[in-house]
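Examination of the molecular architecture
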Amino acid sequence: NAGVTQTPKFQVLKTGQSMTLQCAQDMNHEYMSWYRQDPGMGLRLIHYSVGAGITDQGEVPNGYNVSRSTTEDFPLRLLSAAPSQTSVYFCASSYAENTEAFFGQGTRLTVV
Amino acid sequence: KQEVTQIPAALSVPEGENLVLNCSFTDSAIYNLQWFRQDPGKGLTSLLLIQSSQREQTSGRLNASLDKSSGRSTLYIAASQPGDSATYLCAVFHDDDRGSTLGRLYFGRGTQLTVWP
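In this report, we go over the structure that sits alongside the text. Because the structure is predicted, anything quoted here is derived from the model rather than measured. (Residues numbered from 1 in each chain as written. Chains lettered and ligands numbered in written order. Predicted model: local features only at pLDDT ≥ 70, side-chain atom pairs only at ≥ 80, totals over all residues. Heavy atoms only, no water.)

**Re the nonpolar core**
- In terms of nonpolar packing, the biggest core is built from 24 residues, with B:Leu33, B:Trp35, B:Leu75, B:Ile77 and B:Tyr88 touching the most fellow members.
- Secondary structure elements with two or more residues in this core: β3 (19-25), β4 (30-38), β5 (44-51), β7 (62-67), β8 (72-77), β9 (86-94) and β11 (111-116) of chain B.
- Not counting residues within four places of it along the chain, the set of residues in contact with B:Leu33 comprises B:Cys23, B:Phe25, B:Leu48, B:Leu49, B:Ile50, B:Leu66, B:Ser73, B:Cys90, B:Ala91, B:Val92 and B:Phe93.
- In terms of nonpolar packing, the next biggest core, distinct from the first, is built from 18 residues, A:Met32, A:Ile46, A:Phe74 and A:Tyr89 among them. (Core = buried A, V, L, I, M, F, W, Y, C linked by side-chain atoms within 4.5 Å. Buried < 20%, exposed > 50% of the residue type's maximum accessible area, 1.4 Å probe, protein only. Helix = DSSP H or I, 4+ residues; strand = E, 2+ residues; numbered from the N terminus. Contact = heavy atoms within 4.5 Å.)

**Re the sheet that holds strand β8 (residues 76-78) of chain A**
Residues and elements named next belong to chain A.
- Ordered in space as β1-β3-β8-β7, the four strands form an open sheet in which the pairing is antiparallel. Two strands lie at the open edges of the sheet, namely β1 (4-7) and β7 (64-66), each paired on one side alone. Taking each pair of neighbouring strands and ignoring which way they run, the sheet shows an average axis angle of 20°.
- Here β7 pairs with β8 via three bridges, running antiparallel. Looking at β8, one finds that tyrosine 64 is bridged to leucine 78. (Pairing = 2+ DSSP bridges. Axes fitted to C-alpha atoms, helices over the stretch in contact; angles between N-to-C directions.)

**With respect to the packing of aromatic side chains**
- By the definition in use, this model includes six aromatic pairs over all chains.
- With 5.7 Å between their ring centres and 35° between their planes, B:Phe36 and B:Phe107 make a pair best called tilted. Pair noted here: B:Phe36 is in strand β4 and B:Phe107 is in strand β10 (residues 105-107), with a separation of 71 residues, a long-range link. Residue B:Phe36 shares its accessibility class with B:Phe107, and that shared class is buried.
- The rings of A:Tyr35, A:Phe103, B:Phe36 and B:Phe107 are connected pair by pair, giving a single aromatic cluster.
- Over the face of the ring belonging to A:Phe74 we find A:Arg68, whose NZ or CZ atom lies 6.0 Å from the ring centre. (Phe/Tyr/Trp six-rings, centres within 6.5 Å; stacked < 30°, edge-to-face > 60°. Lys NZ or Arg CZ within 6 Å of the ring centre and 35° of its normal.)

**Some words on the environment of A:Glu30**
All names here are of chain A.
- Summarising the element assignment, glutamate 30 is placed in the loop between β3 (19-25) and β4 (31-38).
- The exposure class assigned to glutamate 30 is partly exposed, which follows from its relative accessible area of 33%.
- Note: C-alpha distance between glutamate 30 and leucine 78 (48 residues apart in sequence) is 23 Å.

Spelled out as structure tokens, the structure:
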């Protein structure tokens, strides 16, 4: 079972570049979300989606865009990368509200 | 705003000990609570989900309890092994007074556990 798949695993960007972090799940989950993990900060919610076509902002949305055109995919776009976006990014999914959340393996992003 | 705190931040124990990891949250109006394990450089692995109506949940050597009224959860690990070494994260489903959590989780910073042989 693939579960939640994130690509790439590692990425180095220059300041000002844009890129898309990919997230796909094969469990037919309606709820998907993106978190970033920084040392000493814990995981913080960036954006989330409760179904195809429906997205909303989390705690730290600035500098990121999302869309949800299919149930399976939930890409995260960095519009103009900044060093402050250096972090580890995790995608998560769950079948329904308040049910068990499953996480991908993460994308380690460095912005220089 | 919901704040989740995990104590201790780090714990080092010899193999075979029973241990308790603590999680507290400031707003007791949570829905469910989930415990995760994270190995270095890896993703989060779900350990246990406790529903708000439950007081305990068990999986193998792990037992998690939840006391909503006091804003606390504990993760009990029996007969610890070196393979249990990892960071343990606690997260709560909270609605931010919106009436619905929309699947959003609030995380603690974790307890880094080392079990030595």
